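Working through the structure, step by step
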Amino acid sequence: MSTFPGPLVEFPGVSVDRFDGENRENSVFFLSHCHTDHMIRVFERIRGKLDNVYVDSTFLCKSYEDFPSRSVSTKTIVDLIEEWTAKSEEHIVWLKTPAHYGSEFLFKEIHKRTRMPLHIEPWNMADYAYIPDMDGVFTVDEKQSQIHACWKPGCPVVRSNGKKVRKILPTAMFWTNWKESRDFVKMTNFNIRVCYSSHSSMRELRDFITFLRPASVKLNVIQESKKTEMYNALRKILAQVDADKEKEVAEDPAAETPAAEEPEIISFKNIKFRDKQDVEFSMNSEEEPDEAPTFIPKRKKR
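Computed from a predicted model, the values in this text were never measured in an experiment.

So, about the packing of aromatic side chains. Per the stated rule, a full pass over the model turns up six aromatic pairs. For the ring pair phenylalanine 59 and tyrosine 64, a centre distance of 4.6 Å and an interplane angle of 55° mean the geometry is tilted. Both residues of the pair, phenylalanine 59 and tyrosine 64, count as buried. Judged by centre distance (6.0 Å) and plane angle (35°), the rings of tyrosine 64 and phenylalanine 67 are tilted. Comparing tyrosine 64 with phenylalanine 67, the two get one shared label, buried. Through successive ring pairs, a cluster of aromatic residues spans Phe59, Tyr64 and Phe67.

Structural data, given as structure tokens:
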């Protein structure tokens, strides 16, 4: 359960992962991730009152309308692991995730169900050294586990001719145009693809935006080859938001919210930082984003 109070003392007017109490006096809100303890039910109170919403738009495309729920996909992956490793100690699983980060939920659930640590390389272990939630989930001793999440070319155990290796690939982009009536597991020899997504599907993004009814939406991920399609999809969703608002006003004129006072504009230019002796504040990253996020202009109020 998150116990963080919300306000950032270094950034006046900004709250993180809390939207109640004193936080309601702030003007900028940041939700780090969608866990209940970080969303204190908030949604009903802020509905229709947000100027901007930033979304992970990785799958804002028709070809990724739906995915199986993450809990169902996770259970399937664990079942495949347990069924294989139960055959003998020589049967091992190589779990090849699509990225170095982002599969922590899956790793934790596998460890919880199998009671077996996942083997990763020592250099990768350092990434989790300061995350208490991941304690005990991994091991750097390849002989301690039949489950390997090490990156290619894989550890010596995975590449050993004496082992029977089942390779499981949790993927999302492979599963274009998936529908609930279809299977989400594809087996080829000893390789198994399972539809597993850490990103929201098109349907989930549409439901999220139409519920919150923000004045504008900014896409954090743009696929260049699908840029036009993604923006057309967003415009269609925002048009539905406007239509829903108009319908409510037509049915109940009292539902139209009177114009609010112009809010104070908060930017990094007018934020006053605390003195250096009070807090150490550093921005040491030298990495630049590959591409600046593209914005949808704010729609004019009718």
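Turning our attention to the layout of surface pockets. Approximately 220 Å³ is the volume attributed to the second largest pocket. Taken together, Lys62, Glu65, Met202, Arg206, Thr210, Glu229, Asn232, Ala233, Lys236, Ile237 and Gln240 make up the full set of residues lining the second largest pocket. At the level of elements, helix H5 (202-212) and helix H6 (227-251) are the ones that each hand at least two residues to the lining of the second largest pocket. In terms of residues, the lining of the second largest pocket owes the most to one element, H6, which gives six residues.

So, how was this worked out
Residues numbered from 1 in each chain as written. Predicted model: local features only at pLDDT ≥ 70, side-chain atom pairs only at ≥ 80, totals over all residues. Heavy atoms only, no water. Phe/Tyr/Trp six-rings, centres within 6.5 Å; stacked < 30°, edge-to-face > 60°. Buried < 20%, exposed > 50% of the residue type's maximum accessible area, 1.4 Å probe, protein only. 1 Å grid on protein atoms, 1.4 Å probe; cavity = no way out; pocket = protein on both sides within 12 Å on 5 of 7 lines; lining within 4 Å. Points joined across faces, edges and corners; volume = space filled by probe spheres on them. Helix = DSSP H or I, 4+ residues; strand = E, 2+ residues; numbered from the N terminus.

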